[in-house]
Amino acid sequence: MIEQQDKATIVVFSGDLDKVIACFNIALAAAAMGMPVKMYFTFWGLNVLKKDRGRIKSKGLMRNMLNMLNRGGVSRLHLSKFHMAGMGTWMMKKMMKEKNVLGIPEAIKLAKEMGVEFYACTTTLGIMAISKEDLIPGVDGYVGAATFVQEARESKLALFI
Amino acid sequence: MIEQQDKATIVVFSGDLDKVIACFNIALAAAAMGMPVKMYFTFWGLNVLKKDRGRIKSKGLMRNMLNMLNRGGVSRLHLSKFHMAGMGTWMMKKMMKEKNVLGIPEAIKLAKEMGVEFYACTTTLGIMAISKEDLIPGVDGYVGAATFVQEARESKLALFI
Amino acid sequence: MIEQQDKATIVVFSGDLDKVIACFNIALAAAAMGMPVKMYFTFWGLNVLKKDRGRIKSKGLMRNMLNMLNRGGVSRLHLSKFHMAGMGTWMMKKMMKEKNVLGIPEAIKLAKEMGVEFYACTTTLGIMAISKEDLIPGVDGYVGAATFVQEARESKLALFI
């Protein structure tokens, strides 16, 4: 019998700015309480880990198209609602600054400083044509669903966002 | 070591009618089984707690624009798919009535009667320019992510919806 | 006091191809590790269980309209982003094949072979005008939210996707 430990495991599936903010708010709160925290980035969540500048050049037309459509990088995350060609997202970011809520780049930096571990899903990296070189430093490992399940069932807090 | 208790903790992130229905179905089922239930409303989920009538008047242009775009109130929740300028949402509500499924206003009332506790996220209230006066009665508290994490890790059931 | 068991309970709320892939990746990984797995299909997730061919004919105009709008069936699941009239979804499926990632029909087959149990939510079947005859074989039961809550609070891993 596996004993559950006081740790937090979060799947970051979404690349929507609002959901990513929620992921980091929860992750940082858990880390501040002394819980070991692991974040598993998959599908659109991988955009959080994509390097922000430059366009990814891959081999093959489809790979290039996928990366053109889905450029990723923290500065390109959108709200899930009211993005409105950037205006809604811009207003939200402005309100965050006014209310001293951390932006995603700052939240990533703080999370790494607090020991939050980042994992990228190998399966979705493959089908979204993203290579390890396209990701920011700070990724602690490349894993599949089995590693997530093993970790999540041992965690007192496991969320899919 | 914290022992997990037989209670349920639900983050209501979404303001989509279908997801909010799912939140209340789960919350009410858990409450009916005798589990203490806490619902944490954040981001678009705060629209469930927004007063239904009248327009929110805030100080400043951006605050007013945010509240105009995102009016909230239970009568304005939309389906995540097939809203179709209101027709899909209207059809779903009609089917709910026909099948004796509780609408959100009735679900809120029943939840409060059964002792389900409602919490509003202070951080997102701030960045969405919503003040406490804009919310319906029945909110049991205003808390941050740390309070949610503390509660969720002690709960046998914790969901993010 | 209920002791949590080493089993997995997943609510499949979404009918988006990408989220359904995530559901099955997690379910199959858990099953491969020997965990009993139960999947609860509700709302748009019911489209995964809808028969793929033929149009559902129901009594009444609204029922027919609902099933025409929301035809369902595994071959009609779309990406939550970049569907682009089918092109994005087609590209993703192509990448999945290239990377040997199981498509949904194959994942369903494998899940059933591994003993993963499928449950359909009776409440949402009702409000979406879907009858049991419209679903594929392999559904192990028709249940409400209470059955899910009972199962989820006893599971070491419970996710809402």
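Quick look at the structure, then. (Residues numbered from 1 in each chain as written. Chains lettered and ligands numbered in written order. Predicted model: local features only at pLDDT ≥ 70, side-chain atom pairs only at ≥ 80, totals over all residues. Heavy atoms only, no water.)

The next subject is the interface of chain B and chain A. Taken together, the 29 residues of chain B in the interface contact 33 residues of chain A. A combined buried area of about 2800 Å² lies between chain B and chain A, and 77% of that area is made up of carbon and sulfur atoms. At the boundary of chain B with chain A, the tally comes to three salt bridges. We note a salt bridge from A:D6 to B:R153, for which the minimum N-O separation is 2.7 Å. Summed over the shared surface of chain B and chain A, the number is six residue pairs in polar contact (both at pLDDT 80 or more). Those elements that provide at least two residues to the side of chain B that touches chain A are α2 (61-69), α5 (122-127), α6 (145-153) and β5 (155-160) of chain B. (Contact = heavy atoms within 4.5 Å. Buried area = accessible area lost by both parts, 1.4 Å probe. Salt bridge = Lys/Arg side-chain N within 4 Å of Asp/Glu carboxyl O. Polar contact = N/O pair within 3.5 Å; in protein donor to acceptor, adjacent residues only side chain to side chain. Helix = DSSP H or I, 4+ residues; strand = E, 2+ residues; numbered from the N terminus.)

Let us now look at the relation of the copies chain B and chain A. When chain B is fitted to chain A, the residual RMSD is 0.0 Å, and the transformation amounts to a turn of 120° plus an axial shift of 0.0 Å. This pairing of chains is accounted for by a three-fold axis. A share of only 17% of the interface residues of chain B reappears at the interface of chain A, consistent with the copies meeting through non-equivalent patches. (Least-squares fit on C-alpha atoms with pLDDT ≥ 70 in both.)

Bringing helix α3 (residues 61-69) of chain A into the picture now. Of all the positions in α3(A), only A:M62, A:L66 and A:N67 are classed as buried. One side of α3(A) holds all its buried residues, which, seen down the axis, span an arc of 130°. For α3(A), the secondary structure elements touched by its buried residues are α6 (122-127) of chain A together with α3 (87-98) of chain C. (Buried < 20%, exposed > 50% of the residue type's maximum accessible area, 1.4 Å probe, protein only. Arc of directions from axis to C-beta.)

With that settled, the discussion passes to the side chain of C:Q4. Position of C:Q4 relative to the elements: it lies in the segment before β1 (5-12). There is a polar contact of 3.2 Å between the side chain of C:Q4 and the backbone oxygen of B:K156. Within the local environment of C:Q4, its side chain forms a polar contact with the backbone oxygen of C:R153, the two atoms lying 3.2 Å apart.

Our focus in this paragraph is the interface of chain A and chain C. Contacts between chain A and chain C engage 29 residues on the former and 33 residues on the latter. Taken together, the two surfaces of chain A and chain C that pack against each other cover about 2800 Å², and 77% of this comes from carbon and sulfur. The interface formed by chain A and chain C holds three salt bridges in total. One salt bridge in this structure joins C:E98 and A:R63, with 2.5 Å as the shortest N-O distance. Counting every contact that joins chain A to chain C gives six residue pairs in polar contact (both at pLDDT 80 or more). The set of elements that each furnish at least two residues to the side of chain A that touches chain C consists of α3, α6, α7 (145-152) and β5 (155-160) of chain A. Sort the elements by how many residues they give to the side of chain A that touches chain C and α7(A) lands first, with six residues. Taken together, the residues of the side of chain A that touches chain C sort by class into 20 nonpolar, five polar and four charged. (Nonpolar A, V, L, I, M, F, W, Y, C, P; charged D, E, K, R; others polar.)

A separate point is the nonpolar core. Core analysis: the largest hydrophobic core is formed by 184 residues, its most contacted members being A:F24, B:F24 and C:F24. With near-sequence residues (within four places) excluded, C:F24 lies in contact with C:M39, C:F41, C:V48, C:I104, C:A107, C:I108, C:A111 and C:F118. (Core = buried A, V, L, I, M, F, W, Y, C linked by side-chain atoms within 4.5 Å.)

Turning to the pattern of salt bridges, a few remarks are in order. Opposite charge on two side chains makes pairing possible when the charged atoms of those side chains draw close. Under the definition given, this model contains 27 salt bridges over all chains. Taking the shortest distance from any N to any O, the salt bridge between C:D16 and B:K81 comes out at 2.9 Å. One end of the pair, C:D16, is in the loop between β1 and α1 (17-32); the other, B:K81, is in the loop between α2 and α3 (87-98), on a second chain. Overall, the relative accessible area of 28% leaves B:K81 in the partly exposed class.

We now examine the sheet that holds strand β2 (residues 37-41) of chain C. Residue and element names in this part refer to chain C. Taken in spatial order, the five strands make up an open sheet running β4-β3-β2-β1-β5, and their pairing is parallel. Of all the strands in the sheet, just β4 (139-143) and β5 (155-160) have a single pairing partner and so form its edges. On average, each strand axis in the sheet is tilted by 20° relative to the strand beside it, whichever way the strands run. Judged from the four bridges that link them, strand β3 (residues 117-121) and β4 form a sheet pairing that is parallel. Along β4, the bridge assignment pairs A120 with Y142. Sitting on the sheet, helix α6 (residues 145-152) touches β1, β2, β4 and β5, and the angle it makes with β1 is about 145°. (Pairing = 2+ DSSP bridges. Axes fitted to C-alpha atoms, helices over the stretch in contact; angles between N-to-C directions.)

Attention shifts here to unusual backbone geometry. Phi at B:A129 is positive, roughly 60°, even though this residue is not glycine. Structurally, the position occupied by B:A129 is in the loop between α5 and β4 (139-143).

Residue and element names in this part refer to chain A. The computed volume of the largest pocket comes to approximately 1100 Å³. Of the residues in the lining of the largest pocket, the class split is 14 nonpolar, 19 polar and 13 charged. Estimates place the volume of the second largest pocket at around 350 Å³. What lines the second largest pocket is a set of 15 residues, among which K93, K97, G103, I104 and E106 lie closest to the centre. For the lining of the second largest pocket, the elements supplying multiple residues, two or more each, are α4 (87-98) and α5 (104-113). Looking at the lining of the second largest pocket, the element that brings in the most residues is α4, giving five residues. (1 Å grid on protein atoms, 1.4 Å probe; cavity = no way out; pocket = protein on both sides within 12 Å on 5 of 7 lines; lining within 4 Å. Points joined across faces, edges and corners; volume = space filled by probe spheres on them.)

Let us now look at the pairing of β5(A). Residues and elements named next belong to chain A. Most of β5 sits out of view: six of its six residues are buried. Pairing analysis gives five bridges linking strand β1 (residues 5-12) to β5, with the strands arranged parallel. Bridged to A8 within β5 is L157.

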